Amino acid sequence: MLRCGSSSPEGNRRWRCGAPLLALFILLVCAISPPQLQAVPFVPESSSTALLKRHYPVPVSTGVADQLATPAERVKRARAYVQYAMESKDPSFYSSARKLLAPWWDLGEVDPEIRLLRAMIKQHQHRFDEALADLTILLQHNNRHVQARISRAAVFLAAGNVRASRRDCEALALQADPVLVINCLAQSLGLMGNAAPLEKSLQQLLSRASVQGTSQYWELLNTLSELYLIQGKVGEAEEALLQLLQHQPDSRYAQEQIIHLLHAGERYVELYEFTATGNSFLMKLYRAVALTRLGRQQSNEYQALLEDIRQDKQLLEQAPPREAAKSLAQYYFFIEQDPVKAQVYAERNWRTQKTVIDALILLRIAAVDSVDSVKAWKSAAAIQDVRLDRALRAAGV
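What you see is a predicted model; the values in this text were computed from it and never measured. (Residues numbered from 1 in each chain as written. Predicted model: local features only at pLDDT ≥ 70, side-chain atom pairs only at ≥ 80, totals over all residues. Heavy atoms only, no water.)

Undergrad: How should the overall build of the chain be read in this particular structure?
TA: The helix and strand inventory of the chain stands at 21 helices and zero strands. Evaluated residue by residue, the chain yields a buried proportion of 51% over its 397 residues. In the chain, the share of contacts with a sequence separation of at least 24, taken over all contacts with a separation of at least 6, comes to 58%. (Helix = DSSP H or I, 4+ residues; strand = E, 2+ residues; numbered from the N terminus. Buried < 20%, exposed > 50% of the residue type's maximum accessible area, 1.4 Å probe, protein only. Contact = heavy atoms within 4.5 Å.)

What follows is the structure in structure tokens.
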């Protein structure tokens, strides 16, 4: 039997990775999409700018009351914070949940719900090994634990283990909601050469009345934007990402992707206008980059922004390296123009997490020293991505 990546005896032809799973994926879509809906095209809402308005309720921390809460109340509040973090993409909620779970944070034996919440917070903190350990224990006790399985698939993907992520998504096929399974599979299979057919399938799902307006809609749209990016469809990706930001203004993923799209396209006026809508370190940093490219580095605005960025940088350097390395790599590369320090942080980030964006940052900062590592990861995961191919060609590969 031929396996993924093996050669056929007839013509030494390589089989595309994930072909059987792609067939399963399409069958799932067809099974849950009425024929009349399959013909309706998905059209992202057009927007020239992201309207950063929150469409979700914000839990109010009660401070001392949180600390005095009973164990059951602490877990209940932590669960709410994690849920809001997932829905809003606002990372501050993870910090609130972490404080509530402090009594159980370092314990080996904990309640399954606490272990799950702890793993999801650690995933956000980029403590992938620890998150995987907790999630694997949960699955060893209950291999039909859907949230643990899908969380582990996400951790594997962020850590660069695309094949392991795909396997966890595959294991969900007969256990979870079909839309959830489809979205999970699309994230790994899309990177493995199947972005075009998956794009059409997700468009069909997004056209379903039962999906529109739900949390599933935004998760599918998030994945669709990535499929567009993989294929180099910049316009479509940008529209989808801006629509995401209208609903999830704190989405670091959407902010980061738009920033890199605008920067790669040398669209510095738009980069300045977009980054002026946010106050995160990344938004400030690329606002400074835009001002520099526009020849405004002598302006009072730039000087004030630079001082603000450097103050934020001091706080970042006190954070765990795995959380701050990517930001610090870009800071030293763009702001201080110190390629040596930038490379140190870029390589530190690459050791922890491996996504296409992480690879692009590493190649930009340290192309000569990083090409082999990025190529090895790309080959091992069978990744096909226009952005990555372009960057490797620019590096002389």
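Having seen the structure, we can now continue with the description.
Undergrad: Before we go on, may I ask you to explain the packing of helix H15 (residues 268-275) against helix H16 (residues 281-293) in this structure?
TA: Two packed helices can be described by the angle between their axes and the distance between those axes. Across the interface, H15 lies against H16 with an axial gap of 8 Å and an inter-helix angle of 150°. One way to sum up the angle between H15 and H16 is to call them roughly antiparallel. For the element pair H15 and H16, the recorded crossing hand is left-handed. In this structure, H15 uses Tyr268, Leu271, Tyr272, Phe274 and Thr275 to contact H16, whose residues at the interface are Met283, Tyr286, Arg287, Ala290, Leu291 and Arg293. The class makeup of the residues in the contact of H15 with H16 is eight nonpolar, one polar and two charged. (Axes fitted to C-alpha atoms, helices over the stretch in contact; angles between N-to-C directions. Parallel < 35°, antiparallel > 145°, perpendicular 65-115°, else oblique. Left-handed = near helix turned anticlockwise from the far one by under 90°. Nonpolar A, V, L, I, M, F, W, Y, C, P; charged D, E, K, R; others polar.)

Undergrad: In this structure, what is going on with the pattern of salt bridges? I would like to understand it.
TA: Pairing is possible between side chains of opposite charge, provided their charged atoms come close. Applying the stated criterion across every chain yields a total of 22 salt bridges. For Glu219, the salt bridge goes to Lys89, with nearest N and O atoms at 3.2 Å. Here Lys89 lies in the loop between helix H4 (71-88) and helix H5 (92-100) and Glu219 lies in helix H12 (residues 215-231), a separation of 130 residues in the sequence. Glu219 sits in the partly exposed class, given a relative accessible area of 31%. When its relative accessible area of 26% is taken as the criterion, Lys89 is described as partly exposed. Connected through shared salt-bridge partners, Arg115, Arg118, Lys122, Arg127, Glu130 and Asp134 make up one network. (Salt bridge = Lys/Arg side-chain N within 4 Å of Asp/Glu carboxyl O.)

Undergrad: What is the right way to look at the state of the cysteines in this model?
TA: Throughout this description, disulfide means a covalent bond between two cysteine sulfur atoms. Tallied over the entire structure, the rule returns one disulfide. In this model, Cys169 is linked to Cys184 through a disulfide, with the two sulfur atoms separated by 1.9 Å. A torsion of -70° about the S-S bond marks the disulfide between Cys169 and Cys184 as left-handed. Taken together, the residues span a long stretch of sequence, with Cys169 in helix H9 (residues 162-171) and Cys184 in helix H10 (residues 178-189) at a distance of 15 residues. The class of Cys184 is buried, set by a relative accessible area of 6%. (Disulfide = S-S within 2.5 Å.)

Undergrad: Mind showing me how you'd approach unusual backbone geometry here?
TA: With the exception of glycine, the majority of residues adopt a negative phi angle, and the majority of peptide bonds are in the trans configuration. Backbone geometry places Glu266, a non-glycine residue, at a positive phi of 55°. With respect to the helices and strands, the residue Glu266 is situated in the loop between helix H14 (252-264) and H15. Given the relative accessible area of 58%, Glu266 is considered exposed. Although it is not a glycine, Ala382 sits at a positive phi angle of roughly 55°. Note on placement: Ala382 falls in the loop between helix H20 (356-380) and helix H21 (386-394).

Undergrad: Whenever I open this one, the nonpolar core confuses me. Can you help?
TA: Burial of nonpolar side chains together is a common tendency in soluble globular proteins. With 90 residues, the main nonpolar core has Leu221, Leu285, Tyr286, Val374 and Leu388 as its most contacted residues. Looking at this core element by element, the count peaks at twelve residues for H20. For Val374, the residues in contact, after removing those within four places along its chain, are Trp350, Ala359, Leu362, Leu363, Leu388 and Leu392. With 30 residues, the next largest nonpolar core counts Leu100, Met120, Leu138 and Leu139 among its residues. (Core = buried A, V, L, I, M, F, W, Y, C linked by side-chain atoms within 4.5 Å.)

Undergrad: Explanation requested: the side chain of Gln203 in the structure shown.
TA: Among the secondary structure elements, Gln203 is positioned in helix H11 (residues 195-206). Look at Gln203 and you get buried, because its relative accessible area is 18%. Reaching out from Gln203, the side chain makes a polar contact with the side chain of Tyr228 at a distance of 3.0 Å. (Polar contact = N/O pair within 3.5 Å; in protein donor to acceptor, adjacent residues only side chain to side chain.)

Undergrad: Would you take a moment to explain H15 for this structure?
TA: Counting along an α-helix, one turn takes 3.6 residues, and residues three or four places apart therefore face a common direction. Among all positions of H15, only Tyr268, Leu271, Tyr272, Phe274 and Thr275 are buried. The buried residues of H15 occupy an angular sector of 165° when the element is viewed end-on, so they sit on one face. In this structure, the buried residues of H15 make contact with helix H13 (234-247), H14, H16 and helix H17 (300-316). (Arc of directions from axis to C-beta.)

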